[in-house]
Amino acid sequence: MKVLHISHNDKGGGGIATSRINDCLNINNTNINSKLFVSRKYNDCPNTFFLNNKLNNIFQSLKIKLSKKINILQDSPNKILHSLALFPSRYSSYINNYPTDIIHLHWVQNEMLSIEEIGKIRKPIVWTLHDAWPFCGSEHYPYGLEDFRYQKGYLSTNKNIRHKYLDLDRWCWERKIKSWKQNFSIVCPSNWLANCAKKSLIMRSMDIVVIPNPINTNLFKPYPKKVARDLFNLPLEKNIILFGAIGGTKDNRKGADLLLKSINYICEEIPNTIAVIFGQSGGLDDLKSNIPIYSVGILNDSESMALLYSVANLFIIPSRLDNLPNTGVEATACGLPIVGFEVGGLPDIVENNKNGYLVEPFNYKKMGNAISKIINNENIQKEFGLNSRAKAYKNFSYERIAFQYKNLYKEILKK
């Protein structure tokens, strides 16, 4: 069986998850010839390739710049990423002619494929959703928990009153309705995203299954704390709270501001504690924290990331909305207790009072209390940490996820 995965790149949240799916299919004796085709290649993986054509690279860059300028024509209160998927690519004919049994789409925005081109793919399509863009308009996540346009239709009557100028969200949604006549096989990494897709007007009639993103539990595992802290030059005698995301504290959706409020609220209860942030370079001077904050910058290799988790006593996910963040899966595999808000796909990672705490969105005081409870109790840290590691084996291991995808592919080809 041959499968061609398609992703804009092999970097970032969606790109990393896609690379791991491709890897787990190739190393678990699935008898699947799995390849990953990207527009931008950053990592040295033998099963990942791109069309290294100078003219094509220039064309792609121009499309991205022009798309951003057009996006300015709508002033949406939802400041999350918006993608128009407007311009035709030089990839569509290549994809249709590629010798494969299944086309497996992933994060194909940033003008890699247009909405119309996706509708012209002639082979069976599996689509793993790394955010909500495929069933929304141009936005990658709804505007908070009370935004239901993707369920009811993008009408002039339900547009947010702060949404000014053109309604490009509605325009993109209508193009999807018009162009996507075939039934895709939809994979959602979290139950939350699957429930959203099932309620959406675009995907409610499609086959939707939940398959989490995989993690290599042989690489992401607990390492000796002293070794890890020495490598990152962090004090051994301190308790460490760890937080990280692409963009670090700059992405409002990731909730770094809520984490700071939580820390400041209970700072007197955790006097021997520091916070460590990864995912951004600089930009910490403006953070008003009552405990010391260290930054380890941007880490680009899995080995360093796996070691970084072992410096911490606790990992925090204060996201306002998230699918199944790679950082949460990674922290689980590395045996860390986790605290997060009970939103999005976080309940798929954190089992309350078993491997961490889920707290009321977006109650920073309750988050602070949960942080204090774990930091001040070594027995809870140990118990929750062991449970996290066990959960990673059970739910997110390469072997388990490869088995689930193989069965899905077989069912699709039978049809």
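In this report, the structure presented in the accompanying data block is examined. (Residues numbered from 1 in each chain as written. Predicted model: local features only at pLDDT ≥ 70, side-chain atom pairs only at ≥ 80, totals over all residues. Heavy atoms only, no water.)

1. So, the side chain of His 130
Then, in step 1: Residue position: His 130 is located in the loop between strand E6 (125-128) and helix H5 (149-152).
Then, in step 2: Among the polar contacts listed, one links the side chain of His 130 to the side chain of Thr 18, at a separation of 3.4 Å.
Then, in step 3: Side chain to side chain, His 130 and His 106 meet in a polar contact 3.0 Å long.
Then, in step 4: When neighbours within four sequence positions are excluded, His 130 is seen to be in contact with Gly 14, Ala 17, Thr 18, His 106, Trp 107, Tyr 141, Asn 213 and Asn 323. (Helix = DSSP H or I, 4+ residues; strand = E, 2+ residues; numbered from the N terminus. Polar contact = N/O pair within 3.5 Å; in protein donor to acceptor, adjacent residues only side chain to side chain. Contact = heavy atoms within 4.5 Å.)

2. Considering the packing of helix H1 (residues 12-27) against helix H14 (residues 398-414)
Then, in step 1: With their axes 9 Å apart at the nearest point, H1 and H14 run at an angle of 85 degrees to one another. Classified by the interaxial angle, the pair formed by H1 and H14 is roughly perpendicular. In this structure, H1 uses Arg 20, Ile 21, Asp 23, Cys 24, Leu 25 and Ile 27 to contact H14, whose residues at the interface are Tyr 398, Ile 401, Ala 402, Tyr 405 and Tyr 409.
Then, in step 2: Of the residues contributing to the contact of H1 with H14, the split by class is nine nonpolar, no polar and two charged. (Axes fitted to C-alpha atoms, helices over the stretch in contact; angles between N-to-C directions. Parallel < 35°, antiparallel > 145°, perpendicular 65-115°, else oblique. Nonpolar A, V, L, I, M, F, W, Y, C, P; charged D, E, K, R; others polar.)

3. What to know about a nonpolar patch on the surface
Then, in step 1: A cluster of nonpolar side chains, namely Leu 73, Tyr 165 and Leu 166, defines an oily patch on the protein surface of about 340 Å² accessible area.
Then, in step 2: One can find Tyr 165 in strand E7 (residues 164-165).
Then, in step 3: Note on Tyr 165: relative accessible area 60%, which makes it exposed. (Patch = residues over 30% accessible without salt bridge, like charges linked within 9 Å, V, L, I, M, F, W, Y side chains within 5 Å. Areas by Shrake-Rupley, 256 points an atom, 1.4 Å probe, with all protein chains shown as cover. Salt bridge = Lys/Arg side-chain N within 4 Å of Asp/Glu carboxyl O. Buried < 20%, exposed > 50% of the residue type's maximum accessible area, 1.4 Å probe, protein only.)

4. Structural notes on the packing of helix H12 (residues 364-375) against helix H13 (residues 378-396)
Then, in step 1: Running from N to C, H12 and H13 point in directions that differ by 100 degrees, and their axes come no closer than 6 Å. Accordingly, the angle class assigned to the pair H12 and H13 is roughly perpendicular. Along the contact surface, H12 presents Lys 373, Ile 374 and Ile 375, while H13 presents Ile 380, Gln 381 and Phe 384.
Then, in step 2: Its residues assigned to classes, the contact of H12 with H13 comprises four nonpolar, one polar and one charged.

In short, the description is geometric, and any link to function would need to be established separately.
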